[in-house]
Amino acid sequence: TMERAQEQKLGPGDRLLLKAGSVWRMSETFRLKPKGFEGNPVAITRYGEGEAPELRTSIDGLSLGWRNESNGIWSAECGLRDVGNIVFPESGKGVSACGFKKPLRGGLENEGDFWHDADDGRVYLKCAGDPRKIHPGGIEICRRIHVMDIEGCRNAVIDGVTFAYTGSHGIRGRNVRGIVIRNCRFGWIGGSYLSPPSKEKPMGERYGNGIEIWSLGDSKDIRIENCLFHDIYDTAMTNQGDGKGSIDGMHVVSNRICRCEQGYEFWFRHPEFKAGTIELRGNVFESTGFGWSHAQRPNKNATHILAYSVDCQKGRIILDGNRFGRT
């Protein structure tokens, strides 16, 4: 189990190998805190033949006891504090689909609309019949936790792993150094509430990024290479935050980003934060804003590169040799 793997104290040169074709469902975030050496990192990678090993934080909806609530609404007890999204893998013609999150139960009008009752831990879904029969290919109920947290991590390589079906972030970190993330896939990520529906924000504020490096602490020498990011609520990759710290040597190289609301996002709001070199080179950005989240968002951005305020000591942000497709 990933819980058992997390108990291990990984040091320089150690490897955590995940069997190809396997899927792990996690009820807690996998916290990776090894401290490798430069030139002798800790590695998380795969072994064997087959599909990339996959880490999920979702509940298997096919295993739940769905109850007919009448009027085409079905409910199931999931015991979660928030459901970011409900995904139906291979719902037809090999294409995945997802639900439409509603702030109120009374808003369940169309097939696939869902509402989560945080008080009793039940999820309500508009469905033409028993969801287990309508969606035999799978029902992924995405919980509000990150798949992996790398806070404080030093000199580690994550290679050939899939991060999928979470209501929060794929990988979140801060104060990291010497991190390589390559040949990975990030998909069907985000949708949980950052703040629940209110009078000021009737639809609430939702979030979820593929890889987020927060501004607290000093982060340096991060490379994200040859990864695929798709169907993410907010942004594929981001450097952001209002903390006092620094980032330098952020290299985003040869990745493919599709059907996310944003491709890359950055903002820094502390006047003493130091932004060094951030480089985006040779990436492909396509179908931005054509993903599942766009129709559900109150703030529709649909942009390849998104920058909010940069109130800090400024460094260099380099975009070179990227391809920008439709948006």
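Before reading further, recall that the structure is shown in the block above.
Residues numbered from 1 in each chain as written. Predicted model: local features only at pLDDT ≥ 70, side-chain atom pairs only at ≥ 80, totals over all residues. Heavy atoms only, no water.

(A) Broad picture of the overall build of the chain. Looking only at helices and strands, the chain has two helices and 35 strands in total. Over its C-alpha trace the chain gives a radius of gyration of 20 Å, about what one expects of a compact globule, namely 20 Å for 327 residues. Judged by the C-alpha coordinates and their principal axes, the chain covers about 60 × 45 × 35 Å. Here the chain holds 327 residues, and 55% of them are scored as buried. Once the 45 positive and 41 negative side-chain charges of the chain are each reduced to a mean point, those two points are 1 Å apart. (Helix = DSSP H or I, 4+ residues; strand = E, 2+ residues; numbered from the N terminus. Rg over C-alpha atoms; globule rule 2.2 N^0.38 Å. Buried < 20%, exposed > 50% of the residue type's maximum accessible area, 1.4 Å probe, protein only. Lys, Arg positive; Asp, Glu negative; His and termini not counted. Charge placed at Lys NZ, Arg CZ, Asp CG, Glu CD.)

(B) Representation of the sheet that holds strand 29 (residues 262-268) in the model. Taken together, seven strands build an open sheet; the order of strands is 3-15-18-23-26-29-33 and the sheet is parallel. Lying at the two open borders of the sheet, with one neighbouring strand each, are strand 3 (30-31) and strand 33 (303-310). Here four bridges tie strand 23 (residues 211-214) to strand 26 (residues 235-241), and the two strands are oriented parallel to one another. Across the sheet, the residue bridging to Trp214 is Gln240, located in strand 26. (Pairing = 2+ DSSP bridges.)

(C) The arrangement of the state of the cysteines in detail. Enumeration according to the criterion identifies zero disulfides in this entry. Left without a disulfide partner, Cys227 is nearest to the cysteine sulfur of Cys184, which lies 4.8 Å away. (Disulfide = S-S within 2.5 Å.)

(D) Molecular detail of the environment of Trp267. Summarising the element assignment, Trp267 is placed in strand 29. Relative accessible area serves as the criterion here: at 8%, Trp267 is assigned to the buried category. When the C-alpha atoms of Trp267 and Gly21 are compared, they prove to be 37 Å apart, with 246 residues separating the residues in sequence. If sequence neighbours within four positions are ignored, Trp267 has contacts with Trp214, Asn239, Gln240, Gly241, Asp242, Tyr308 and Ser309. (Contact = heavy atoms within 4.5 Å.)

(E) Molecular detail of the side chain of Ser168. In this structure, Ser168 sits in the loop between strand 17 (162-166) and strand 18 (171-173). Exposure remark for Ser168: the relative accessible area of 0% places this residue in the buried category. For Ser168, the side chain forms a polar contact with the side chain of His146, separated by 2.6 Å. Ignoring anything within four residues of it in the chain, the contact list for Ser168 reads Arg143, Arg144, Ile145, His146, Ile189, Gly190, Ser192, Tyr207, Gly208 and Asn209. (Polar contact = N/O pair within 3.5 Å; in protein donor to acceptor, adjacent residues only side chain to side chain.)

(F) Spatial organisation of the side chain of Asn283. Along the chain, Asn283 falls in the loop between strand 31 (277-281) and strand 32 (284-286). On the basis of relative accessible area, Asn283 is assigned to the buried category, the value being 1%. Apart from residues no more than four positions distant in its own chain, Asn283 is found in contact with Val252, Val253, Ser254, Asn255, Ile257, Gly321, Asn322 and Arg323.

(G) Local environment of a nonpolar patch on the surface. Taken together, Ile317, Leu319 and Phe324 make up a surface patch of nonpolar side chains, about 260 Å² in accessible area. Assignment of secondary structure puts Phe324 in strand 35 (residues 323-324). Residue class for Phe324 comes out partly exposed when judged on its relative accessible area of 41%. (Patch = residues over 30% accessible without salt bridge, like charges linked within 9 Å, V, L, I, M, F, W, Y side chains within 5 Å. Areas by Shrake-Rupley, 256 points an atom, 1.4 Å probe, with all protein chains shown as cover. Salt bridge = Lys/Arg side-chain N within 4 Å of Asp/Glu carboxyl O.)

(H) Expanded view of the packing of aromatic side chains. For the structure shown, the criterion picks out eight aromatic pairs. Note on Trp115 and Tyr124: the rings are 5.4 Å apart at their centroids and 35 degrees apart in plane angle, and the pair reads as tilted. Across the pair, exposure class does not vary: Trp115 and Tyr124 are buried alike. Pairwise contacts between aromatic rings join Phe163, Phe186 and Phe229 into one cluster. We note Lys101 situated over the ring of Tyr193; from NZ or CZ to the ring centre the distance is 3.8 Å. One cation-aromatic arrangement involves Arg326 over Phe290; the distance from NZ or CZ to the ring centre is 3.7 Å. (Phe/Tyr/Trp six-rings, centres within 6.5 Å; stacked < 30°, edge-to-face > 60°. Lys NZ or Arg CZ within 6 Å of the ring centre and 35° of its normal.)

(I) Layout of the nonpolar core. Within the largest apolar cluster, 48 residues are counted, with the highest numbers of intra-cluster contacts made by Leu55, Met148, Phe163, Phe186 and Phe229. Beyond its immediate stretch of four places on either side in the chain, Phe163 contacts Leu55, Val147, Met148, Ile158, Gly170, Ile171, Cys184, Arg185, Phe186, Gly187 and Ile189. Among the nonpolar cores identified, the runner-up in size contains 16 residues, and Ile86, Phe88, Phe114 and Ile141 belong to it. (Core = buried A, V, L, I, M, F, W, Y, C linked by side-chain atoms within 4.5 Å.)

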